[in-house]
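Now for the letters of each chain:
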Amino acid sequence: AKEMTQEAFNCLSASIILLIDECFDVVSQDEQELEKLGKCVFDLLLNILSTPQSSVTLLRTLGGSAHALDKFGVRMFLNAASNRLQDWGRIILTMMNSTELSVRSMAVDFLVS
């Protein structure tokens, strides 16, 4: 059961990247729809990062988060994460303290990007 949960979260992280790549240009023409998409994407990513996961899943989700941040930009991230910004900070700082070097490195990359 644990492996199925990990795989489901891996699929979600990969799907988020595809969703952003395929829909961003169309949705970006409407600022209100772009904000809705940004909020949904960042909320889902935060929920995945908030649950205990394998280092592979954390890497995929941090990668998806970095990709979303690059596409949406900091302003949109701050708007989407406004009332959950403290949660984002706590999760990223926790990831920066991971025993896995790859997770620490990706968390630092996300924070400085």
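Described below are features of the structure shown in this document. (Residues numbered from 1 in each chain as written. Predicted model: local features only at pLDDT ≥ 70, side-chain atom pairs only at ≥ 80, totals over all residues. Heavy atoms only, no water.)

Focus: the overall build of the protein chain
Working step 1: Broken down by element type, the protein chain carries 5 helices and 0 strands.
Working step 2: When the helices and strands of the protein chain are listed from N to C terminus, the series reads α-α-α-α-α.
Working step 3: Compactness check: the protein chain gives a C-alpha radius of gyration of 14 Å against a globular reference of 13 Å for 113 residues, within 12% of the reference.
Working step 4: The dimensions of the protein chain, computed from C-alpha atoms along their principal axes, are 40 × 30 × 20 Å.
Working step 5: Counting contacts in the protein chain only where the partners sit at least 6 residues apart, residues at least 24 apart contribute 67% of the total. (Helix = DSSP H or I, 4+ residues; strand = E, 2+ residues; numbered from the N terminus. Rg over C-alpha atoms; globule rule 2.2 N^0.38 Å. Contact = heavy atoms within 4.5 Å.)

Quick look at the packing of helix H1 (residues 2–27) against helix H3 (residues 55–80)
Working step 1: Two numbers describe how H1 lies on H3: the axes approach to 9 Å, and their chain directions differ by 15°. One element, H1, and the other, H3, form an angle in the roughly parallel class. Crossing geometry of H1 relative to H3 is assigned as left-handed. Listed contacts from H3 to Gln6, Phe9, Asn10, Ser13, Ile17, Ile20, Asp21 and Phe24 of H1 are Val56, Thr57, Arg60, Thr61, Gly64, His67, Ala68, Lys71 and Phe72.
Working step 2: A class-by-class count of the residues in the contact of H1 with H3 yields 7 nonpolar, 7 polar and 3 charged. (Axes fitted to C-alpha atoms, helices over the stretch in contact; angles between N-to-C directions. Parallel < 35°, antiparallel > 145°, perpendicular 65-115°, else oblique. Left-handed = near helix turned anticlockwise from the far one by under 90°. Nonpolar A, V, L, I, M, F, W, Y, C, P; charged D, E, K, R; others polar.)

Remarks on the nonpolar core
Working step 1: Core analysis: the biggest nonpolar cluster contains 28 residues, and Val41, Phe42, Phe72, Trp88 and Met95 have the highest contact counts within it.
Working step 2: Contributing elements (two or more residues each) for this core: H1, helix H2 (31–50), H3, helix H4 (85–95) and helix H5 (101–112).
Working step 3: Broken down by element, the residue count for this core peaks at 9 residues, all from H3.
Working step 4: If sequence neighbours within four positions are ignored, Val41 has contacts with Ile16, Leu19, Ile20, Ala68 and Phe72. (Core = buried A, V, L, I, M, F, W, Y, C linked by side-chain atoms within 4.5 Å. Buried < 20%, exposed > 50% of the residue type's maximum accessible area, 1.4 Å probe, protein only.)

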